[in-house]
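Topology and contacts: notes
Residues per chain are reported as follows:
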Amino acid sequence: DLSFLYGSDEGTALNLRSTDEGQGLLKIQVDSRGRHYPHISQDGVMVFADARGDVHAGFTLLHTVFLRNHNRLAKELRQQNPGWNDENLYQEARKINGALLQHITYTQYLDTLLGEGNNVSVPLNEGHENYYDKTADATVMMIFSTAAFR
C-alpha cells in the first residue's frame with residue numbers, strides 16, 4: 001500500500017505533500033547534481049512516512065525510487081489532464097504507484113520469497129487478470145500488523 005511513502009494517516013500524508021504548487025507532488029530535496037531525494041526537515045534529517053525510513057540503506061533506496069516515480073507520474077498526469085487539481089493528481093499518481101508495487105510483489109517478489117510454483121504469486125503472463133473477490137475479508141489482524149508484518 002506504500003504506507004512507507006504516503007503515511008498511514010491524513011496528517012502524515014499532508015506533511016509529505018507539496019501542496020503549495022498544486023501539482024500533486026511529494027516534497028523533495030534536490031542535491032547539487034539535480035537528483036531528487038526525500039525532503040529534509042529543518043532538523044537536517046530526511047522525512048519519511050515510516051520511522052524506519054533511514055534505518056537501512058535499502059529501505060531508503062526503495063522510498064527514494066517510489067518518491068521519484070510518484071512525482072514523475074504526477075507531472076505526466078498534469079500534462080495529460082491540465083484541468084485536474086492537486087488532489088486528483090496526487091491520488092491518481094498514488095494509485096498508479098501502488099499498482100506498480102503490487103505488480104512487482106505478485107509477479108516477482110513472492111516467487112523469490114516462496115519459491116517457484118507457489119499458490120500466491122501471479123505468473124507474468126497472467127498479471128493483468130481480474131482476481132478481485134469482493135466477498136474476501138481484507139482486514140488485517142492487529143497482532144499481524146503490529147508485530148509480524150513490521
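Preceding block: the structure.
Residues numbered from 1 in each chain as written. Predicted model: local features only at pLDDT ≥ 70, side-chain atom pairs only at ≥ 80, totals over all residues. Heavy atoms only, no water.

Describing the packing of helix α3 (residues 57–80) against helix α4 (residues 86–114)
Rules: The angle between two axes is taken between their N-to-C directions and runs from 0 to 180 degrees, where each axis is a line fitted to C-alpha atoms and a helix contributes only its stretch in contact. A run of H or I in DSSP becomes a helix once it reaches four residues, and a run of E becomes a strand once it reaches two; helices and strands are each numbered from the N terminus. Orientation categories follow fixed angle ranges, with anything under 35 degrees roughly parallel, anything over 145 roughly antiparallel, 65 to 115 roughly perpendicular, and all other angles oblique. Helix crossings get a hand from a simple test, with the near helix turned counterclockwise from the far one by less than a right angle marking a left-handed crossing and a clockwise turn marking a right-handed one. Residue contacts follow a heavy-atom distance rule, with two residues in contact if any of their heavy atoms lie within 4.5 Å. Amino acids are sorted into nonpolar (Ala, Val, Leu, Ile, Met, Phe, Trp, Tyr, Cys and Pro), charged (Asp, Glu, Lys and Arg) and polar (every other residue, Gly among them).
At a minimum axis distance of 9 Å, the contact between α3 and α4 shows a crossing angle of 130°. Between α3 and α4, the angle is such that the two are oblique. Pair α3 / α4 crosses with right-handed handedness. Contacts from F66, N69, H70, L73, A74, L77 and R78 of α3 reach α4 at L89, Y90, E92, A93, R94, I96, N97, L100, L101 and I104. Considered class by class, the residues forming the contact of α3 with α4 number 11 nonpolar, 3 polar and 3 charged.

Some remarks on the side chain of S3
Where we set the bar: Each residue's exposure class comes from its accessible area (1.4 Å probe, protein chains only) as a fraction of the maximum for that residue type: buried when under 20%, exposed when over 50%, partly exposed otherwise.
Turning to its location among the elements, S3 is positioned in helix α1 (residues 3–6). Accessibility expressed as a relative area gives 16% for S3, which makes it buried.

Structural notes on α3
Rules: What a helix should span is 1.5 Å times the count of its residues minus one.
Between its first and last C-alpha atoms α3 spans 35 Å; for 24 residues at 1.5 Å apiece the expected length is 34 Å, and the two agree. Structurally, α3 contributes buried residues whose contacts are with α1, β2 (25–26), β3 (28–30), β4 (36–38) and α4.

Some thoughts on the nonpolar core
This is how it is decided: The term nonpolar core refers to a set of buried residues drawn from Ala, Val, Leu, Ile, Met, Phe, Trp, Tyr and Cys, joined through side-chain atoms within 4.5 Å.
Counting 13 residues, the largest nonpolar core has L2, F4, L5, Y6, L26 and F66 as its most contacted members. When contributions to this core are tallied by element, the ones reaching two or more residues are α1, α2 (10–16), α3 and α4. When sequence neighbours within four positions are dropped, the list of residues in contact with L26 reads L5, Y6, L16, R17, S18, L67, H70, N71 and Y90. L25, L73, A74 and L89 belong to the second-largest nonpolar core, a separate cluster that totals 6 residues.

Observations regarding unusual backbone geometry
The phi dihedral of L2 falls on the positive side, at around 60°, and the residue is not glycine. Along the chain, L2 falls in the segment before α1.

Some details on the pattern of salt bridges
We apply this condition: Whenever a carboxyl oxygen of Asp or Glu lies within 4 Å of a side-chain nitrogen of Lys or Arg, that contact is scored as a salt bridge.
Taken as a whole and judged by the stated rule, the model has 5 salt bridges. Between R17 and D86 there is a salt bridge, and its shortest N-O distance comes to 2.6 Å. With R17 in strand β1 (residues 17–18) and D86 in helix α4, this pair connects stretches of sequence that are 69 residues apart. A relative accessible area of 13% means that D86 is categorised as buried. Notably, a salt bridge pairs R35 with D31, separated by 2.7 Å at the nearest N-O pair. You can call R35 partly exposed: its relative accessible area is 32%. Taking the relative accessible area as the measure of exposure, D31 reaches 24% and is therefore partly exposed.

As for the side chain of N71
As for its placement among the helices and strands, N71 is situated in helix α3. Judged by its relative accessible area of 5%, N71 is buried. Those residues in contact with N71 that sit more than four places away from it in its chain are L25, L26 and I28.

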